[in-house]
There are 2 protein chains.
Amino acid sequence: MAVKDIAYNRKTAQQRRSELIAAGVACLGRGGMSAFTIDQICKQAGVSRGLINHHFDSKEALLVSIYAQMTEYLVREHAAATPRQQIASLIDDSFDAASFNKSNLRAWLAIWGQVATHAELKSLHRQRYLRYRLQLVDALTAIADAEQLAIDAASIARQLIALIDGLWLEYCLHSDGFSLDDARADCYRFLQGIGIVIQPEQELPERIEP
Amino acid sequence: MAVKDIAYNRKTAQQRRSELIAAGVACLGRGGMSAFTIDQICKQAGVSRGLINHHFDSKEALLVSIYAQMTEYLVREHAAATPRQQIASLIDDSFDAASFNKSNLRAWLAIWGQVATHAELKSLHRQRYLRYRLQLVDALTAIADAEQLAIDAASIARQLIALIDGLWLEYCLHSDGFSLDDARADCYRFLQGIGIVIQPEQELPERIEP
DNA sequence: GCGCTTGTTGTACGATCGTTCAACTAATTC
DNA sequence: GAATTAGTTGAACGATCGTACAACAAGCGC
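Quick notes on the rules
Residues numbered from 1 in each chain as written. Chains lettered and ligands numbered in written order. Predicted model: local features only at pLDDT ≥ 70, side-chain atom pairs only at ≥ 80, totals over all residues. Helix = DSSP H or I, 4+ residues; strand = E, 2+ residues; numbered from the N terminus. Buried ≥ 20, exposed ≤ 12 C-beta atoms within 10 Å, placed from the backbone. Contact = placed C-beta atoms within 7 Å. Expected span 1.5 Å × (residues − 1). Least-squares fit on C-alpha atoms with pLDDT ≥ 70 in both. Domains from an automatic or database assignment. Near = placed C-beta within 6 Å. Nonpolar A, V, L, I, M, F, W, Y, C, P; charged D, E, K, R; others polar. Core = buried A, V, L, I, M, F, W, Y, C linked by C-beta atoms within 7 Å. Axes fitted to C-alpha atoms, helices over the stretch in contact; angles between N-to-C directions. Parallel < 35°, antiparallel > 145°, perpendicular 65-115°, else oblique. Left-handed = near helix turned anticlockwise from the far one by under 90°. pLDDT = per-residue confidence, 0-100.

1. Some details on the overall build of chain A
Working step 1: Looking only at helices and strands, one finds nine helices and zero strands in chain A.
Working step 2: Overall size of chain A, expressed as C-alpha extent along the three principal axes, is 75 × 35 × 30 Å.
Working step 3: When burial is assessed residue by residue, chain A has 35% of its 210 residues classed as buried.
Working step 4: Intrachain contacts of chain A at a sequence separation of at least 6 include 60% that bridge at least 24 residues.

2. Quick word on helix α1 (residues 13-31) of chain B
Residue and element names in this part refer to chain B.
Working step 1: Relative to the 27 Å expected for 19 residues at 1.5 Å per residue, α1 spans 27 Å between its end C-alpha atoms, a close match to the ideal helical length.
Working step 2: Structurally, α1 contributes buried residues whose contacts are with α2 (38-45), α3 (52-55), α4 (59-70) and α6 (102-115).
Working step 3: Note on α1: the residue one or two positions beyond its end, G32, has a positive phi of about 65°.

3. As for the relation of the copies chain B and chain A
Working step 1: Mapping chain B onto chain A calls for a rotation angle of 180° and an axial translation of 0.0 Å; the resulting RMSD is 0.0 Å. Taken together, the rotation angle and the small translation identify this as a two-fold axis.
Working step 2: Comparing contact sets, 100% of the residues at the interface of chain B also lie at the interface in chain A, consistent with an isologous, same-surface contact.

4. Brief notes about the domain arrangement of chain A
One frequent convention defines the size of an interface as the accessible area lost when the parts assemble.
Residues and elements named next belong to chain A.
Working step 1: Here chain A is described as being made up of domain 1 (13-68) and domain 2 (75-193).
Working step 2: Taking only C-alpha atoms into account, the centre of domain 1 sits 27 Å from that of domain 2.
Working step 3: Facing the 11 residues of domain 1 at the interface are 12 residues of domain 2.
Working step 4: At the level of elements, α1 (13-31) and α4 (59-70) are the ones that each hand at least two residues to the side of domain 1 that touches domain 2.
Working step 5: Here the side of domain 1 that touches domain 2 gets five residues from one element, more than from any other, and that element is α4.

5. Overview of the protein's contact with DNA strand D
Working step 1: Inspection of the region around DNA strand D gives 25 residues, with T37(A), G50(A), S58(A), S48(B) and G50(B) positioned closest.
Working step 2: Of all the elements, helix α2 (residues 38-45) of chain A adds the most residues to the surface near DNA strand D, at three residues.

6. Focus: the protein's contact with DNA strand C
Working step 1: In the vicinity of DNA strand C there are 24 residues, among which S48(A), G50(A), T37(B), G50(B) and S58(B) approach most closely.
Working step 2: Mapped onto the surface near DNA strand C, the elements with two or more residues apiece are α1 and α3 (51-55) of chain A together with α2 of chain B.
Working step 3: For the surface near DNA strand C, the leading source of residues is α2(B), giving three residues.
Working step 4: Among the residues making up the surface near DNA strand C, the classes are represented as six nonpolar, nine polar and nine charged.

7. Quick look at the nonpolar core
Working step 1: In this structure, L160(A), L163(A), L160(B) and L163(B) are the most contacted members of the largest nonpolar core, which totals 106 residues.
Working step 2: Ignoring sequence-local partners within four residues, the contact set of L160(B) consists of L136(B), C187(B) and F190(B).

8. Points about the environment of G195(B)
Working step 1: Relative to the assigned elements, G195(B) resides in the segment after α9 (180-193).
Working step 2: Judged by C-beta crowding, with 13 C-beta atoms within 10 Å, G195(B) ranks as partly exposed.

9. Examining the interface of chain B and chain A
Working step 1: If you look at the interface, chain B gives 40 residues, while chain A gives 40 residues.
Working step 2: In terms of residue count, helix α8 (residues 153-173) of chain B provides more of the side of chain B that touches chain A than any other element does, 15 residues in total.

10. A look at the environment of D96(B)
All names here are of chain B.
Working step 1: Positionally, D96 belongs in the loop between α5 (83-94) and α6.
Working step 2: Classification of D96 as partly exposed rests on a count of 14 C-beta atoms within 10 Å.
Working step 3: Distance from D96 to I156, taken between C-alpha atoms, is 22 Å for residues 60 residues apart in sequence.

11. Some details on the packing of helix α5 (residues 83-94) of chain A against helix α7 (residues 119-146) of chain A
All names here are of chain A.
Working step 1: One can describe the packing of α5 onto α7 by two numbers: an axis separation of 9 Å at closest approach and a directional angle of 140°. One finds that α5 runs oblique with respect to α7. α5 and α7 meet at a crossing whose hand is left-handed. Residues P83, R84, Q86 and I87 of α5 form the contact with α7, whose own contacting residues are A139, A142 and I143.
Working step 2: Taken together, the residues of the contact of α5 with α7 break down into five nonpolar, one polar and one charged.

12. Observations regarding the confidence of the model for chain A
Working step 1: Confidence in the prediction for chain A averages 89 pLDDT; 92% of positions are at 70 or higher.
Working step 2: Here residues 1-5 of chain A is modelled with pLDDT under 50, and outside its nearest four sequence neighbours on either side it reaches zero contacts, counting other chains as well.

13. Topic: the packing of α6(B) against α8(B)
Residues and elements named next belong to chain B.
Working step 1: Two elements in contact, α6 and α8, have axes separated by 9 Å at closest approach and are oriented at 115°. Crossing of α6 over α8 shows left-handed handedness. Judged by residue contacts, K102, L105, R106 and L109 of α6 engage W168, Y171 and C172 from α8.
Working step 2: Classifying every residue of the contact of α6 with α8 by side-chain character gives five nonpolar, no polar and two charged.

Here it is in structure tokens:
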């Protein structure tokens, strides 16, 4: 107290906010909602206890900001792409090893568990998800129209999203038995089964017959 | 204290244990892991504070018992059924309105979030899941063998489980847009797409073309 | 230098957390 | 009916929770 012996790091509000968001994601990934406490987040960020309530209205507000950042890629614009490239990009992004490691998946799971409970989080989730789903329906409809395919685009979109989320879930809860590439391949195979053949952006591994 | 004015309900250990489990599920369904506290569970069960630790070693032990009960149906024996009936029964059970209401789905989500963190829960989950998956692979293989179908049973099983879990997730987080019957129909349509036609145990609603 | 704004710290507070435990009540045994 | 067993209660404990707040430090205009 009397002597200032350690560094006093001063940063811009924007910088600090994003650091706290990153620290929050790390905590969620480590131990789910139980590890998402003021103490642990501040310790993770290397920051004193009172700082979160200075930069965010509450702990819940931080959680909303975290979710907003995590879902940002879902509504990213894929401007100059064909419908096929859009879908391929979505699938490949979903199973990108850099962002969908186990820690991130655990963070998703923890937040999903809160979506049903917290109003603000629920609202943001609905907004993000609807747009995400709409993009997919549009792309599928465009392909079907161009190739005279009779498909239920809404149903296919719902199934594809469910497949992606379900594969994340399986991979998160027990990663043994299949790889991220297997999961990607499953998605392309699913679309192939209903008559939509899409070339992956990255190459797929060899398929192993039983 | 001096005067005993309210009922003192005495039950067998087994009865009380199952009541506490039910109360725990209700709490998880209401508010996720945040609502899974000794105080709230006891209040839900209409029981005093110290009783949980009398019937269970710890709060975590109660959670394990809850998950054991919730996953029981996954490994239930379907003795006299054909492979097709087994799969149909699994799908229909998964989207049974009685057990898969929103509250139960929220409870699942909350527990899934804990599986990655708690060792005992993780072990139980792996054990239950592997058996569940094996049953599915066996049924699919039996069908494929009998009908000369060339399928990757492991991959199909993984996709079907992912589809079911993903549809639960979608329905839990935003039930608008589709019903449980739609979800059931999606599963049958998925299998149909890869050449396995299965008659649902209950009738499916009319398919609405776009 | 001084005043002002803004980022940061650490303590303090009341609430709630999971667990323990001695006391108590009802059923059972002898 | 006394002794024993088993189910239940509620107070108590230390730990930790989220937030509030006064004190402090650094940057900046002047």
